[in-house]
Amino acid sequence: MYRTSLKNQQSGPFQGNLVVSMRPYKESQIEEVNQITKSYPGAHGGPIHWGNPDALGIGDIHDPDYGDVTHINNDEVPVFWACGVTPQTALEAAKLPIAITHAPGHMFIADVRDEEMRLDFNSNATE
């Protein structure tokens, strides 16, 4: 996971920068990955960027700020999603005396099924 140079919208003492996760995909897979993941906005949703990490202010893709290095093959493109570690940068900036959150790589698990979070963007239904 990487801290970007993209500033979060400030709310009171909370600010900080967007943190992203990255997974490499072949260029031919990106549209399908986008279609599938954007159907789950209650999770990470669709990617916010793919391609050159410099556009997000990531100087060295081989030196993540959190977690392990992910190998990118020559025929792959880095794809980036907004990450749940982002609130931790806002908490750091707020300098609160105490805060409880998750640790990178150790996500909260609930009894909500994937199907319950999915939005169907291809549906023609009007509600």
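Residue positions are given per chain, counting from 1 as you read along its sequence in written order. Predicted model: local features are reported for residues with pLDDT of at least 70 only, side-chain atom pairs are reported and counted for 80 or more only, and whole-chain, interface and lining totals are derived from all residues. The basis for every side-chain value is the complete set of non-hydrogen atoms in the structure, without hydrogens or water.

### Brief notes about the overall build of the protein
Every helix listed is a DSSP run of H or I at least four residues long, and every strand listed is a run of E at least two residues long, numbered separately from the N terminus. In terms of helices and strands, the protein carries 3 helices and 4 strands. Listing each helix as α and each strand as β along the protein from the N terminus yields β-β-α-β-β-α-α. Counting over 127 residues, the protein shows a buried share of 31%. Every residue pair with non-hydrogen atoms within 4.5 Å of one another is taken to be in contact. Within the protein, residue pairs in contact and separated by at least 24 positions form 71% of the contacts whose partners lie at least 6 positions apart. When the accessible surface of the protein is split by element, carbon and sulfur atoms take 50% of a total near 8,700 Å². Partly exposed describes any residue whose relative accessible area lies between the buried limit of under 20% and the exposed limit of over 50%, with all areas from a 1.4 Å probe on protein chains only and scaled to the type maximum. Residue exposure ignores everything except the shown protein chains as possible cover, and the areas themselves are Shrake-Rupley values with a 1.4 Å probe.

### Focus on a negative patch on the surface
Any residue with relative accessible area above 30% and no salt bridge may belong to a patch, with like charges joined within 9 Å and the nonpolar Val, Leu, Ile, Met, Phe, Trp and Tyr side chains within 5 Å. Put simply, a salt bridge is a Lys or Arg side-chain nitrogen that is within 4 Å of an Asp or Glu carboxyl oxygen. Working convention for charge: Lys and Arg count positive, Asp and Glu count negative, and His plus the chain ends are omitted. The atoms used to mark charge sites are NZ of Lys, CZ of Arg, CG of Asp and CD of Glu. Negative charge collects at one region of the surface, where Asp111, Asp114, Glu115 and Glu116 lie side by side. Tracing the backbone shows Asp114 in helix α3 (residues 114-117).

### What about the layout of surface pockets?
A volume near 250 Å³ is recorded for the second largest pocket. Lining the second largest pocket, in full, are Ser21, Met22, Arg23, Tyr25, Val33, Ile36, Thr37, Tyr40, Ala43, His44, Gly45 and Trp81. Those elements that provide at least two residues to the lining of the second largest pocket are β2 (17-26) and α1 (30-37). Side-chain classes follow a simple rule in which Ala, Val, Leu, Ile, Met, Phe, Trp, Tyr, Cys and Pro form the nonpolar group, Asp, Glu, Lys and Arg form the charged group, and the remainder, Gly included, forms the polar group. Each residue belonging to the lining of the second largest pocket can be placed in one class, and the counts come to 7 nonpolar, 4 polar and 1 charged. Here a cavity denotes grid points, spaced 1 Å and computed from the protein atoms alone, that fit a 1.4 Å probe unable to get out, and a pocket denotes an open set having protein on both sides within 12 Å along at least 5 of 7 lines; residues with an atom within 4 Å of a point are the lining. Grid points are joined across faces, edges and corners, and a volume is the space filled by probe spheres set on the points.

### Quick look at helix α2 (residues 86-94)
Among the residues of α2, those classed as buried are Thr86, Gln88, Thr89, Ala90 and Ala94. Residues of α2 that are buried sit in contact with β1 (2-7) and β2. Immediately downstream of α2, the backbone of Lys95 shows phi near 55°, a positive value.

### Describing the sheet that holds strand β3 (residues 49-50)
Spatially, the 4 strands line up as an open sheet ordered β1-β2-β4-β3, and their pairing is antiparallel. The outermost strands of the open sheet, each flanked by one partner alone, are β1 and β3. Fitting a line to C-alpha atoms yields each axis, with helices limited to the stretch in contact; the angle taken between N-to-C directions then spans 0 to 180 degrees. Against the sheet, α2 contacts β1 and β2, and its axis sits at roughly 160° relative to β2. Pairing between strands is defined by DSSP: at least two bridges between the two strands are required.

### Remarks on the side chain of Thr4
With respect to the helices and strands, Thr4 occurs in strand β1. Polar contacts, as used here, are pairs of N or O atoms within 3.5 Å; protein pairs need one atom able to donate a hydrogen and one able to accept it. Residues neighboring in sequence count only if both atoms are side-chain atoms. For Thr4, the side chain forms a polar contact with the main-chain nitrogen of Leu6, separated by 3.1 Å. Of the polar contacts made by the side chain of Thr4, one reaches the backbone oxygen of Leu18; its length is 2.8 Å. Leaving out residues up to four positions away in the same chain, Thr4 has contacts with Asn17, Leu18, Val20 and Leu56.

### A look at the packing of aromatic side chains
Each Phe, Tyr or Trp ring (for Trp, its six-membered ring) is paired with any other whose centre lies within 6.5 Å, and the angle between the two planes then decides the class: stacked below 30 degrees, edge-to-face above 60, tilted in between. According to the stated counting rule, one finds 2 aromatic pairs in the structure shown. Here the aromatic rings of Tyr25 and Trp81 are separated by 6.3 Å at their centres, their planes lie at 65°, and the arrangement is edge-to-face. Taken together, the positions of Tyr25 in strand β2 and Trp81 in strand β4 (residues 76-82) put the pair 56 residues apart, joining distant regions of the chain. Trp81 matches Tyr25 in its accessibility class, with the two residues each being buried.

### Quick word on α1
For α1, the complete set of buried residues consists of Ile30, Val33 and Asn34. All buried residues of α1 project into a common sector of 100° when viewed along the axis, lining one side. Looking at the buried residues of α1, the elements they touch are β2, β3 and β4. Taken from the helix axis, the directions to the C-beta atoms give the arc we talk about.

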